[in-house]
Structures are given as C-alpha cells and as structure tokens.
Amino acid sequence: MISNRVLALFNFIDFLDQNKALYIGKYLPLCDEIKILDKQRRELKPALNYIDKQKYDVVQKEINEKIAPVLNNVYKPIVDKLIELEIWSGDSAQSSIWNNSIGAISDLKQDFGEKDIAQVMIYKRKYLEFRAETNSNFLSLQMIFQDLDQILKELFDFFKDTNENEFREFEAKTIKVDNIEDALLGFMSNQDQNVKFSIPTDNFFKSQTKQYDKPVNTHINNEIIMGHKIEVGDIKNNSGSIVIGNDIQISDSLNGKKVTADKIGELLNLLRNDPNLEESQKQTLITNFDKVKEEVLEAKPDKSKIFKWLSNTKGVLENLVLTHHVNEAIHWVYENLNFFYHQIKG
C-alpha cells in the first residue's frame, strides 16, 4: 500500500515533470553560460594585477545577473517544494531526505498490490527521464538531487525487472586517495567532473591530528565549506565529495557476518522495547540499524552504505541518554564494524 510519505515523493516528481520543459528551454542554457563565466573567473588573479581585477569585476557582475533568475525560479521553488511536502526538513546535512522516507519505502516493499506496482513504474520513468534530460547541478541543487537519487533508488530498484543500474549515469565516479591533501588537489583538477574522493578514516584523522600539539576531538561536522561544497563523512554521489569511512570492517566468513547480524538483531529488539525513546527516534534508529543488518549479510557488503546508516544512527544517539544494555549493544556493533562511537552517552 502506498503511504502518504511515498505519495509525497510522487507529488514532487510530478512537480519536476511539469517544470521540465521550462528548465530545459530556459534555465539549463543559462547554467551553461554561468559555467563558462565561472571558468573565466577562475583563470583571473584579481589580487595580483589591476587589469585582472577589472576583468574579474565585470565577469562577477555578469555571473550575479545570470544567477539571480536561476536561484529565484529553479533553486528556491524546488527547495520550497521539498520542504512543503516534508521530504526534506531543511537540515544542512540533508540526512532527513533519507530518514523521512525510508520507513515508508520499507513498508511498501512488504505490502504492495498490482496497482501500486503500476504507479511506481510510472513515477520511476518520469524521474529517470527528468534526471537524464536535466542532469545539471542547477547551481548547487546537485547535492540535493544526489540525495533524492539515493532514496528513490532504494524504492525503484526494488520494482525493476532487470539487474541494470538505472541510476548509473547520475552516479559519481569514486577516486581513492590516501589523504585529504590529495583529495583537495584531485577536486581542484576535476571541478567540472562528477567525482567523489574516498579517504580511509584512519588516514583522515591522522592528517587532522598532525596539525595540533594537543589531541583533538574526533567528532567532526558533517561538512566543510571551501567555495564548493565538500562533504565529509557521508558517501553520496556528489560532485566533489570527500568520502570517509572505508575502514568499516566486516567479516569475510558467513559465520562472522551472522554473529554481527544477530547482535544487531538483539539491539533492534532492545530499541523496539525501549519506552524512553520517542517514536520518531525509534523509527530512525530501527530503520538504519536494520539496513546495516541486511547489508552485512550480503555477499559483498557495501561499506559506504553501512557507514551512512551508522552515521545516521549516531546523529540521533548523540542527543540521548541510553540505558546500560542499549549502550553496550550499540558499542559492540560500532566497535565490531570499526565505526567511531566516542560521542555516545552512557
């Protein structure tokens, strides 16, 4: 049965479909012009020479003039629609795009009829066609669309007849690097490409602590803004993402995986029966830990997904005072998977 949460996603897809022709005909060409101007701007050195400063000011003025209609007529209406439909809560990390819908999507996978399948197929076609025909960053909306891709792929992949990755052309290419310095250099040389950079967790924190005489708090913010948006901590298909968490460890043996899954199952039971948790908190924790459990049992578990789901649970748990049994179970799961858990309160 299709719930209101899933219908909200469908309503948003209808909104995109209704505006697609306008985006393609008027605003995508404008975005292409801005992209060219931005390239010209990056080649100038306004701090070193007065001629470059004059040229820079002219280019910047033209960029501002062209950006304004895109922001007012594309960016803002899309963001407002997402918030109006409660698909996105407006958080800067955008994790609510996943958390607000994943429970309803999981329920639909368990309970659907023939009419539901037909409806899902219609909206899958609409969304994939929209992304294929307007695969542009719309001046920062790429970050939001990549999160939408992720939650909608979770729904649409269940309702497909082949093993084809229907989202492949929208997904970023991952480049593995050893440290944040290499990632930043790679990002600067690939600014026009849809790429993300993967850094092992230990290497990232080593590079951070090297800069200080005293130990630093290893709890980091969800993002670092450096002109373009570079995300730290989440593995998403964003242009210029820095991915942390590849050191998630999962047993290669079936028995080892089963032990981990069973422990997560015990944790899920504790969470379901905890009277101190609000229903929304409980739903978010159960949904994300359950996804971790399912992924651990896969033949080739996706560590990036596991890191994302554990990050989602950690974000909720940091604001809670946990019972001893729940705290112990969570610590076991995080430690077993080699995930940082120091901020959880006991």
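This is a predicted model, so every value here is computed, not measured. (Residues numbered from 1 in each chain as written. Predicted model: local features only at pLDDT ≥ 70, side-chain atom pairs only at ≥ 80, totals over all residues. Heavy atoms only, no water.)

1. With respect to the overall build of the protein
- Of the regular secondary structure elements, the protein holds eleven helices and five strands.
- Of all 346 residues assigned to the protein, the portion counted as buried reaches 46%.
- A separation of at least 24 residues holds for 68% of the contacts in the protein among residues at least 6 apart in sequence. (Helix = DSSP H or I, 4+ residues; strand = E, 2+ residues; numbered from the N terminus. Buried < 20%, exposed > 50% of the residue type's maximum accessible area, 1.4 Å probe, protein only. Contact = heavy atoms within 4.5 Å.)

2. Structural notes on helix α5 (residues 141-156)
- Over its 16 residues, α5 extends 21 Å from the first C-alpha to the last, a length consistent with the 22 Å expected when each residue adds 1.5 Å.
- Buried residues dominate α5, accounting for 14 of its 16 residues. (Expected span 1.5 Å × (residues − 1).)

3. Describing the confidence of the model for the protein
- Taken over all residues, the pLDDT of the protein has a mean of 78, while the share at 70 or more is 74%.
- Within the protein, no element has a lower average pLDDT than strand β3 (residues 223-226), which sits at 32, and none a higher one than helix α4 (residues 114-133), at 95.
- Overall, residues 208-246 carries pLDDT values under 50, and its contacts beyond four positions in sequence, including any with other chains, amount to 106 contacts.
- Confidence drops under pLDDT 50 across residues 341-346; counting only partners more than four residues distant or on other chains, this segment forms 23 contacts. (pLDDT = per-residue confidence, 0-100.)

4. Topic: the packing of α4 against α5
- As a packed pair, α4 and α5 sit with axes 12 Å apart at the nearest point and diverge in direction by 150 degrees. Our classification of the angle between α4 and α5 gives roughly antiparallel. Helix-helix and strand crossings are classified by hand; for α4 and α5 the assignment is left-handed. Residues Val120, Tyr123, Lys124, Tyr127, Phe130 and Arg131 of α4 form the contact with α5, whose participating residues are Gln142, Phe145, Gln146, Leu148, Asp149, Leu152 and Phe156.
- In the contact of α4 with α5, the residues fall into eight nonpolar, two polar and three charged. (Axes fitted to C-alpha atoms, helices over the stretch in contact; angles between N-to-C directions. Parallel < 35°, antiparallel > 145°, perpendicular 65-115°, else oblique. Left-handed = near helix turned anticlockwise from the far one by under 90°. Nonpolar A, V, L, I, M, F, W, Y, C, P; charged D, E, K, R; others polar.)

5. A look at unusual backbone geometry
- Positive phi outside glycine occurs at Glu86, with the angle close to 60 degrees.
- Relative to the helices and strands, Glu86 is located in the loop between α2 (50-84) and α3 (95-110).

6. Describing the side chain of Lys291
- For Lys291, the position within the fold is in helix α9 (residues 279-296).
- Polar side-chain contacts of Lys291 include one of 2.5 Å to the side chain of Glu154.
- When neighbours within four sequence positions are excluded, Lys291 is seen to be in contact with Lys109, Glu154 and Trp309. (Polar contact = N/O pair within 3.5 Å; in protein donor to acceptor, adjacent residues only side chain to side chain.)

7. Describing the packing of aromatic side chains
- Inspection of every chain in the model, using the stated rule, returns ten aromatic pairs.
- Centre to centre, the rings of Phe12 and Phe15 are 6.2 Å apart; their planes meet at 25 degrees, and the pair counts as stacked. Placement of both Phe12 and Phe15 in helix α1 (residues 4-43) is noted, with a separation of three residues, approximately one turn of the helix.
- Looking at Phe12, the relative accessible area reads 2%, which means it is buried.
- The class for Phe15 is buried, based on a relative accessible area of 15%.
- One aromatic cluster is present, built from ring pairs that chain together Tyr23, Phe130 and Phe145.
- The ring of Trp332 has Lys263 sitting right over it, with the charged end atom 5.4 Å from the ring centre. (Phe/Tyr/Trp six-rings, centres within 6.5 Å; stacked < 30°, edge-to-face > 60°. Lys NZ or Arg CZ within 6 Å of the ring centre and 35° of its normal.)

8. Focus: the nonpolar core
- Within the largest apolar cluster, 74 residues are counted, with the highest numbers of intra-cluster contacts made by Ile78 and Phe289.
- Of all the elements, α1 adds the most residues to this core, at 15 residues. (Core = buried A, V, L, I, M, F, W, Y, C linked by side-chain atoms within 4.5 Å.)

9. Thoughts on α3
- The end-to-end C-alpha distance of α3 is 23 Å, a good match for the 22 Å that 16 residues give at a rise of 1.5 Å each.
- The sharpest bend along α3 comes to roughly 40 degrees, located at Ile102.
- For α3, the complete set of buried residues consists of Ser96, Ile97, Trp98, Asn100, Ser101, Ile102, Gly103, Ala104, Ile105, Leu108 and Lys109.
- Each element contacted by the buried residues of α3 is listed here: α1, α4, α5, α9 and α10 (303-317). (Bend = angle between axes of the 7 residues up to and from the residue.)

10. Overview of the pattern of salt bridges
- Counted under the stated rule, the structure contains 17 salt bridges.
- Across the pair Lys20 and Glu133 runs a salt bridge, and its minimum N-O distance is 3.4 Å. One end of the pair, Lys20, is in helix α1; the other, Glu133, is in helix α4, with 113 residues separating them in the sequence.
- Of the residues examined, Glu133 reaches a relative accessible area of 40% and is grouped as partly exposed.
- A salt bridge links Asp57 to Lys53; the shortest N-O distance between them is 2.7 Å. Here the residue Asp57 and the residue Lys53 both occupy positions in helix α2, the gap between them amounting to four residues, near one helical turn.
- Assessed through its relative accessible area of 36%, Asp57 is described here as partly exposed.
- Among the residues examined, Lys53 registers a relative accessible area of 37% and is labelled partly exposed.
- Through salt bridges with shared partners, a single network forms among Lys109, Glu154, Lys291 and Glu294. (Salt bridge = Lys/Arg side-chain N within 4 Å of Asp/Glu carboxyl O.)

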